[in-house]
Amino acid sequence: MPSKKPIFKKPREVIKKYEESTWLGNDKPFFEDKHVAVFKDKYPVTPGHLLFIPKVNDIKTISKAYSLAYYCGQEWMKSGSIDGYNIGQNLGEAAGQTIMWPHIHFIPRKNGDVDPDKHNGIRLSFPKGDHTNYY
């Protein structure tokens, strides 16, 4: 009898359940519980860039992933290992999503990690935006 080898999806393929997720095909989570798995981002924008992956695609489980990311960020700020963080999600190809399963990007920030003469908030994630009214 042939074994049932898991099928992991490639970028831009629809993922119907966590067990098909691209991350599981590439790596093992360094933390997980019954609701969320946490992976190191394969292409980090800063050292420590993490992905919080809900194991079910529903609002309750996605909320648990956001809650865990927020909690970790607050604890790491209290400990002094980071100075701040960005949390975000790309939803749909137009927004830059390439892995078609919900996931939350956690991007640690340190004072001085960008040009000190510029603001460096989430508005700059849209390069064609009119930032002059804000910055």
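Refer to the structure presented above.
Residues numbered from 1 in each chain as written. Predicted model: local features only at pLDDT ≥ 70, side-chain atom pairs only at ≥ 80, totals over all residues. Heavy atoms only, no water.

Quick look at the overall build of the protein
For the record, the criterion: Where helices and strands are cited, they refer to DSSP runs of H or I of at least four residues and of E of at least two residues respectively, numbered from the N terminus. A simple rule labels every residue: compare its accessible area, found with a 1.4 Å probe on the protein chains alone, to the largest value its type can have, and call it buried under 20%, exposed over 50%, or partly exposed in between. Residue contacts are counted whenever heavy atoms from the two residues lie within 4.5 Å of one another. Using a 1.4 Å probe, accessible areas were evaluated by the Shrake-Rupley method; residue-level cover was limited to the displayed protein chains.
Along the protein, the regular secondary structure elements total 2 helices and 5 strands. Traced from its N-terminal end to its C-terminal end, the protein shows the element sequence α-β-β-β-α-β-β. Buried positions account for 30% of the 135 residues belonging to the protein. Across the protein, every contact between residues at least 6 apart in sequence was considered, and the portion connecting residues at least 24 apart equals 42%. Within the structure as shown, the protein displays about 9500 Å² of accessible surface, and the carbon and sulfur contribution to it stands at 56%.

Examining helix H2 (residues 59-79)
For clarity, the cut-off: Take the number of residues in a helix, subtract one, and multiply by 1.5 Å to get its expected span.
Along its 21 residues, H2 runs 30 Å from first to last C-alpha, staying within 8% of the 30 Å computed at 1.5 Å per residue. If you follow the buried residues of H2, they end up packed against strand E1 (31-32), strand E2 (36-40), strand E3 (50-54), strand E4 (84-88) and strand E5 (104-109). Looking one or two residues beyond H2, the residue adopting positive phi is Gly80, at roughly 85°.

Focus: the nonpolar core
To keep things clear, this is the line we draw: Buried residues of nine kinds, namely Ala, Val, Leu, Ile, Met, Phe, Trp, Tyr and Cys, make up a nonpolar core once their side-chain atoms join them within 4.5 Å.
If you look at the biggest cluster of nonpolar residues, it comprises 13 residues, and the most contacted ones within it are Val36, Val38, Phe52, Leu68, Ile104 and Phe106. Those elements that place two or more of their residues in this core are E2, E3, H2 and E5. Ranked by residue count, the leading element in this core is H2, at 5 residues. Those residues in contact with Val38, other than ones at most four positions away along the chain, are Pro29, Phe30, Phe31, Leu50, Leu51, Phe52 and Leu68.

Focus on the pattern of salt bridges
Heads up, the condition is: A carboxyl oxygen of Asp or Glu within 4 Å of a side-chain nitrogen of Lys or Arg is what we treat as a salt bridge.
All chains considered together, the criterion is met by 4 salt bridges. One salt bridge in this structure joins Glu32 and Lys55, with 2.6 Å as the shortest N-O distance. Linking Glu32 in strand E1 with Lys55 in the loop between E3 and H2, this pair joins segments that are 23 residues apart in sequence. Between Asp113 and Arg109 there is a salt bridge whose closest N-O contact spans 2.8 Å. What makes Arg109 buried here is its relative accessible area of 17%.

Some points on the environment of Lys10
Along the chain, Lys10 turns up in the segment before helix H1 (22-26). C-alpha of Lys10 to C-alpha of Trp23: the two residues are 13 residues apart in sequence and 9.6 Å apart in space.

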